[in-house]
2 protein chains.
Amino acid sequence: MQTMMKQRAPTAAGKQAQAPRVAPKVGRARSSVVAMAAPAAAKAAAPAISRDLVDKCINAIRFLAIDAVNKSKSGHPGMPMGCAPMGYLLWNEVMKYNPKNPDWFNRDRFVLSAGHGSMFQYSMLHLTGYDSVPMDQVKSFRQWGSLTPGHPENFVTPGVEVTTGPLGQGICNAVGLAVAEAHLAARFNKPDVKPIVDHYTYCILGDGCMMEGISNEACSLAGHWGLGKLIALYDDNKISIDGHTDISFTEDVAKRYEALGWHVIHVINGNTDVDGLRSAIAQAKAVKDKPTLIKVSTLIGYGSPNKADTHDVHGAPLGADETAATRKNLGWEHGEFEVPQDVYDVFRQAITRGADAEAEWKAACAEYKAKYPKEWAEFEALTSGKLPENWEAALPTFKSEDKPLATRQHSQTMLNALAPVLPGLVGGSADLAPSNLTLMKISGDFQKGSYAERNIRFGVREHAMGAICNGIALHKSGLIPYCATFYIFTDYMRNAMRMSALSEAGVVYVMTHDSIGLGEDGPTHQPIEHLASFRAMPNMLMMRPAGGNETAGAYKVAIASRKRPTTIALSRQNMPNLPGTSIEGVAKGGYTIHDCAGTPDVILMGTGSELELAAAAAATLEKEGKKVRVVSFPCWELFEEQSAEYKESVLPSSVTARVSVEAATSFGWAKYIGLKGKHVGIDDFGASAPANILYEKFGITAAKVVEAAKAVMA
Amino acid sequence: MQTMMKQRAPTAAGKQAQAPRVAPKVGRARSSVVAMAAPAAAKAAAPAISRDLVDKCINAIRFLAIDAVNKSKSGHPGMPMGCAPMGYLLWNEVMKYNPKNPDWFNRDRFVLSAGHGSMFQYSMLHLTGYDSVPMDQVKSFRQWGSLTPGHPENFVTPGVEVTTGPLGQGICNAVGLAVAEAHLAARFNKPDVKPIVDHYTYCILGDGCMMEGISNEACSLAGHWGLGKLIALYDDNKISIDGHTDISFTEDVAKRYEALGWHVIHVINGNTDVDGLRSAIAQAKAVKDKPTLIKVSTLIGYGSPNKADTHDVHGAPLGADETAATRKNLGWEHGEFEVPQDVYDVFRQAITRGADAEAEWKAACAEYKAKYPKEWAEFEALTSGKLPENWEAALPTFKSEDKPLATRQHSQTMLNALAPVLPGLVGGSADLAPSNLTLMKISGDFQKGSYAERNIRFGVREHAMGAICNGIALHKSGLIPYCATFYIFTDYMRNAMRMSALSEAGVVYVMTHDSIGLGEDGPTHQPIEHLASFRAMPNMLMMRPAGGNETAGAYKVAIASRKRPTTIALSRQNMPNLPGTSIEGVAKGGYTIHDCAGTPDVILMGTGSELELAAAAAATLEKEGKKVRVVSFPCWELFEEQSAEYKESVLPSSVTARVSVEAATSFGWAKYIGLKGKHVGIDDFGASAPANILYEKFGITAAKVVEAAKAVMA
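What counts, and at which threshold
Residues numbered from 1 in each chain as written. Chains lettered and ligands numbered in written order. Predicted model: local features only at pLDDT ≥ 70, side-chain atom pairs only at ≥ 80, totals over all residues. Heavy atoms only, no water. Helix = DSSP H or I, 4+ residues; strand = E, 2+ residues; numbered from the N terminus. Contact = heavy atoms within 4.5 Å. Least-squares fit on C-alpha atoms with pLDDT ≥ 70 in both. Buried < 20%, exposed > 50% of the residue type's maximum accessible area, 1.4 Å probe, protein only. pLDDT = per-residue confidence, 0-100. Pairing = 2+ DSSP bridges. Axes fitted to C-alpha atoms, helices over the stretch in contact; angles between N-to-C directions. Parallel < 35°, antiparallel > 145°, perpendicular 65-115°, else oblique. Domains from an automatic or database assignment. Buried area = accessible area lost by both parts, 1.4 Å probe. Salt bridge = Lys/Arg side-chain N within 4 Å of Asp/Glu carboxyl O. Polar contact = N/O pair within 3.5 Å; in protein donor to acceptor, adjacent residues only side chain to side chain. Phe/Tyr/Trp six-rings, centres within 6.5 Å; stacked < 30°, edge-to-face > 60°.

Caption draft 1: Inspection of the environment of L518 of chain A at higher detail. Summarising the element assignment, L518 of chain A is placed in the loop between β13 (508-512) and α18 (530-535). The residues touching L518 of chain A, leaving out its near neighbours within four places in the chain, are H513, H525, Q526, P527 and R572 of chain A.

Caption draft 2: The arrangement of the relation of the copies chain B and chain A in detail. If you rotate chain B by 180° and push it 0.0 Å along the axis, it lands on chain A with an RMSD of 0.0 Å. What we have between these two chains is a two-fold relation. Within chain B, G213 of chain B has its C-alpha nearest the rotation axis, a separation of 1.8 Å. Of the residues that chain B buries at the interface, 100% are likewise interface residues in chain A, meaning the two copies contact each other through the same surface.

Caption draft 3: Representation of unusual backbone geometry within the structure. For R142 of chain A, which is not glycine, the phi dihedral falls at a positive 65°. Within the secondary structure, R142 of chain A is located in the loop between α4 (135-139) and α5 (169-188). According to the relative accessible area criterion, R142 of chain A is buried, its value standing at 1%. Although it is not a glycine, F337 of chain B sits at a positive phi angle of roughly 60°. With respect to the helices and strands, F337 of chain B occurs in the loop between α10 (320-330) and α11 (341-347). The exposure class assigned to F337 of chain B is buried, which follows from its relative accessible area of 9%.

Caption draft 4: Focus on the confidence of the model for chain A. Residues and elements named next belong to chain A. In this model, chain A carries an average pLDDT of 94, and 93% of its residues clear a pLDDT of 70 or more. Predicted confidence for residues 1-44 stays below pLDDT 50, and this span has 95 contacts to residues more than four positions away or in other chains. Model confidence for the complex: the whole-complex pTM is 0.95, and ipTM, which rates the interface, is 0.95.

Caption draft 5: Quick peek at the sheet that holds strand β14 (residues 541-543) of chain A. Residue and element names in this part refer to chain A. Within the open sheet, the six strands sit side by side as β11-β10-β12-β13-β15-β14. Their pairing is parallel. Both edges of this open sheet fall to β11 (455-457) and β14, since each of them pairs with a single strand only. The sheet shows a mean angle of 20° between the axes of neighbouring strands, taken without regard to direction. When strand β10 (residues 425-429) meets β11, the two strands line up parallel, connected through three bridges. The residue bridging G427 from the neighbouring strand is N455, located in β11.

Caption draft 6: Representation of the packing of helix α12 (residues 349-371) of chain B against helix α13 (residues 373-383) of chain B. Residues and elements named next belong to chain B. Viewed as axis vectors pointing N to C, α12 and α13 meet at an angle of 130°, and their least axial separation amounts to 5 Å. It follows that α12 is oblique to α13 by the angle criterion. Residues W361, C365, Y368, K369, A370 and K371 of α12 form the contact with α13, whose participating residues are P373, E375, W376 and F379.

Caption draft 7: Local environment of the domain arrangement of chain A. All names here are of chain A. Domain assignment breaks chain A into domain 1 (51-354), domain 2 (391-569) and domain 3 (587-713). Spacing between the C-alpha centres of domain 1 and domain 2 amounts to 32 Å. Contacts between the two partners involve 34 residues from domain 1 and, on the opposite side, 31 residues from domain 2. Taking both partners together, domain 1 and domain 2 bury about 2,800 Å²; carbon and sulfur atoms supply 64% of that area. The largest share of the area that domain 1 buries against domain 2 comes from H183, E217 and W225, three residues that together contribute 21% of it. At the junction of domain 1 with domain 2, the criterion picks out zero salt bridges. At the surface where domain 1 touches domain 2, the tally comes to 14 residue pairs in polar contact (both at pLDDT 80 or more).

Caption draft 8: The packing of aromatic side chains, seen in detail. Using the criterion set out here, one finds 67 aromatic pairs over all chains in the structure. Arranged with centres 6.2 Å apart and planes meeting at 45°, the rings of F110 of chain A and F120 of chain A form a pair that is tilted. Here F110 of chain A, found in strand β2 (residues 109-112), pairs with F120 of chain A, found in helix α3 (residues 118-127); they are ten residues apart in sequence, far enough to count as distant. Across this residue pair, the class does not change: F110 of chain A and F120 of chain A are buried. Considering the side-chain rings of F489 of chain B and Y492 of chain B, the 5.6 Å spacing of their centres and the 90° angle between planes classify their relative orientation as edge-to-face.

Below, the structure is given as structure tokens:
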């Protein structure tokens, strides 16, 4: 580990005391320790503005946050107050971005993993001139309809890349953004022209993010992949909600990150040592083959004479008295929400700088286009975010005489049919590729040295996998990430999946082994409540296709849904390609695959591997003279979006004799079968035995469907 | 890091080649490297049996696993084949246990975190004479109704402590078991008598467990707490399902664990170096103030000439040919499922050894009892697992004129009312104690040096928190673990919660900030689908109490449910203590809190903070002459368990005009409101704004309930 400053002698675990633990009582403190000279190659030029003005800029960030949190009577001032120097440097000297075109492709990406410190990010967006955060939005912090919600939300605020707040997600999104950059750079850049894909990903994360397991997962991958353009700044302020982190967090973070393969630097005084920070970032950029963690020791709420370095300043307004004391302490003579013109004059240079940077990039693109027209066309088509014309024609269809297969096998067919026509398709499995069947055969592995490849090996890291895919999707460069594990292990990655749904990241979740049909692995591996749990989640398409046509249909919907994630539950075991199943049917969510003349005596509904039980039961009942309709229900959300007429045509209100069959909980089915209906399924945990035995023992059979149908018709 | 052997020169990351990567072709290989002399204090005596017999014992473990997996045509032989020497040592020399009394209190605990290698554990239980695993059970591996399911399940197989399989859970359970031991030892042991609480916790975990973030969370805590009696053996076989771990896992695990505060030892040849393993375990035991990780480099499927060190032997039977080749290679001349008598003679000494150890412990208990009768009575009462008589009398009740409070505040009252009368109550929050209000004021913090205290500081580590609590519960010593975070972050810990439900661990999940009512933090923090998702989970009691009486009722149920976990969703915001709410009502899951004469025109149902909206709507409707029943629905699972008569009495089939109100998804409510009912709630994500504004904007108000009631009555 490199250390930017002379270190004091090591102290007891959990009581690392290198950073001053008391807020200085002077207006503005200069670092009293001497920065180590940075290597010449990594030396960063200091800007030609006075230190006084630098400090004024930094304090402007602090007071915007203080004032906004005070006004909204809610929020987290401590993080912005401690991290303001990082903000100043990143936005004023380091990062490349265009405030007037927040979506400029080649911008550096910034992620505030410590999302509760959202006013930090809004302060920066405001100061540097983003149209999304004028002063009235700063003043509307955390209010209904504002562009400045409690945590950063990419779908609300232009200039915010991803949605953070649930701790640890952001750093994983940042890994995903860096993966996207590395991948596209390797695919498109050419040695003899300026790169057209070339940006860094910066992230600020705090102690909370560091404690979450998800961050260790993603950072282990980032180290493995050697993502040299990922630079994470760790706001080491040693305060979390319960108080000082020494009550639960005394590990050696820097050493852990070294173990994960990261380049680690320590800036001991992040409160005032702008030069040290500048030099650290320059060194980070100089190391090309490893991601860098800059551990920046700060005081939370720096500048607040009575609350700095305490939990009090973490998640509550400073209040009038302490704000006045902080103004005095930091020598800030400006009113509430007042930004001095000379501060604006510094920060708003970002507008010209950004326009110039974008113009320079466009020139590079023009040069590239001239020399590599074919590659440019590919690049342009991909990054347009539009799907290639007629891509869906690649999806195969199946006849009922085609061989019964598991839907995971059909899924493999679809992925491999789509891989050639969808150049943006990238993804992989959490160490279950041979079971999930998710490898694209036309591609190799995305690895250090082969970033242009499209199969990603996530290892046994489900939660990070989801969050990394969110980052890839929200890179907004036309990449379509998919990821896979056993369906049961969505329990490990549920928050990342929810964040896909919330932040409109169209990730495709390929979830195999979707019921007790997986057999011998037993109840730890058998989903029961998972279909219900995702059907209940807003903005998530939960698909459970039956056979080849419906698997094709599920992929058609999933790929087309670029702002809505899709979870596809797929079987381990074989099932037939039932007559009546279709790609078009899937798009409606629920549809009749087998019908009778006139009004049905009973409607049988099923999904996935159990649809065949409904069909078999129908055949039996028809032999007994009953009129039976069979409805396939691959996606409840899409069915709900159909017209009232369509829904009534599939499930006429007059027919109350209804049975559903699904090797899963009955929970939720009452919506379609009503109070009188019956569900053939399983409301308890499964068991370890061969799959056919389990279906028999748990009573999920055509005979039981027949029995239930007779009961509801009685 | 200490290394037990001379190391070869370091090799490229991910290609550590210290362990022989090729299975020896000889019948039995001796280590050719010289073990470093262990420190005298830590020296372990080798047993007085020949090395030939030791190897025979080890091979017996291997072949039981090979044969059982072959017979069931399903399972994982590779892990038991590689780890057999660890099994031999742990069960024959190291661990203290009584096969004829698997529940003996003072036994060492063993956790197979790499649960897919379950035949390893069943082999050991069989060989050492547990009644739960006679040979016919070995032969019934993974079959319906057997005691040898696909993954170890504590609720099926006596001798199995916890349920493993979902990777990473087991090592966290082991941390919980070690926490329980440390806590009870500190509370009860006395310096002048032999300890009555004194055991180690051993765990074998693999590469998969190591990659999961949850293990980093728990091991960070274990290091922080300095759990010296936790010894984890890391089966470093470098193979996972996708192939060699170098495709996704090249971090320096040993260094990471050192950073986490662990004592780390490396045994380079775990396949045959029994002496090295023995010495490592002795050294681990000698280090009292840190948990130890013994990195044991092994070959997966050791002994299989063609499949060892490959993914082929991970999760599939060896098959007849390769089994024959392995028999030849390891010089194993015995038939399928044949265990030589001399092997049984060695292992079954565990029976006498175990009886002696238990007798010795009982003698120590007798001495303790004589000297410390009061403490002994406490110990006996606690570890009986029975709740103290009349404990529930400590729960306060409330009148409607009592001050409106948030249910999180009532929860704090309950925890502090129960803490003095339930000496087994231990727990805490994932760094949200001041928000979750979960501190027991009569106790200090469980920390290194204060293990006797009962408040646990988990840090921001939700997933590990749940799994650690499972370990504490399954220590089966009368401890009642609770844990807390914001309800939304159950998404981070869902698999651990499911494991509570599956493995019958009566953990109490205290989940505050249970709806959009949390306000400004916005949609990343606002649960929508969470109530539905837990109502759908088998064996989980999902509680959402309204006011003080129902919060008391929720705790009454939760504490009494020692084999079923309870999740209590609690509000951030205040609500009244409604007339009619009661502790007794909660026990029925759903009950009438306000009624009319005769058959109601409409039934209004609500939970938690929205029950008052139902009550207010009822008042309005009654003024207009309607007959209204109001039903509180704090726990659907308990309601479902009531008699058909009771359920019909609360929700008469004849009354189809029904409205539910809950600041959450409508998903699931159709079960009670039917196809004609209406739900007043929110099916999309929330937003960032003050809570009262959100309720208005999302239309969750008494007026909307009235409107819905009128619609369903029309």
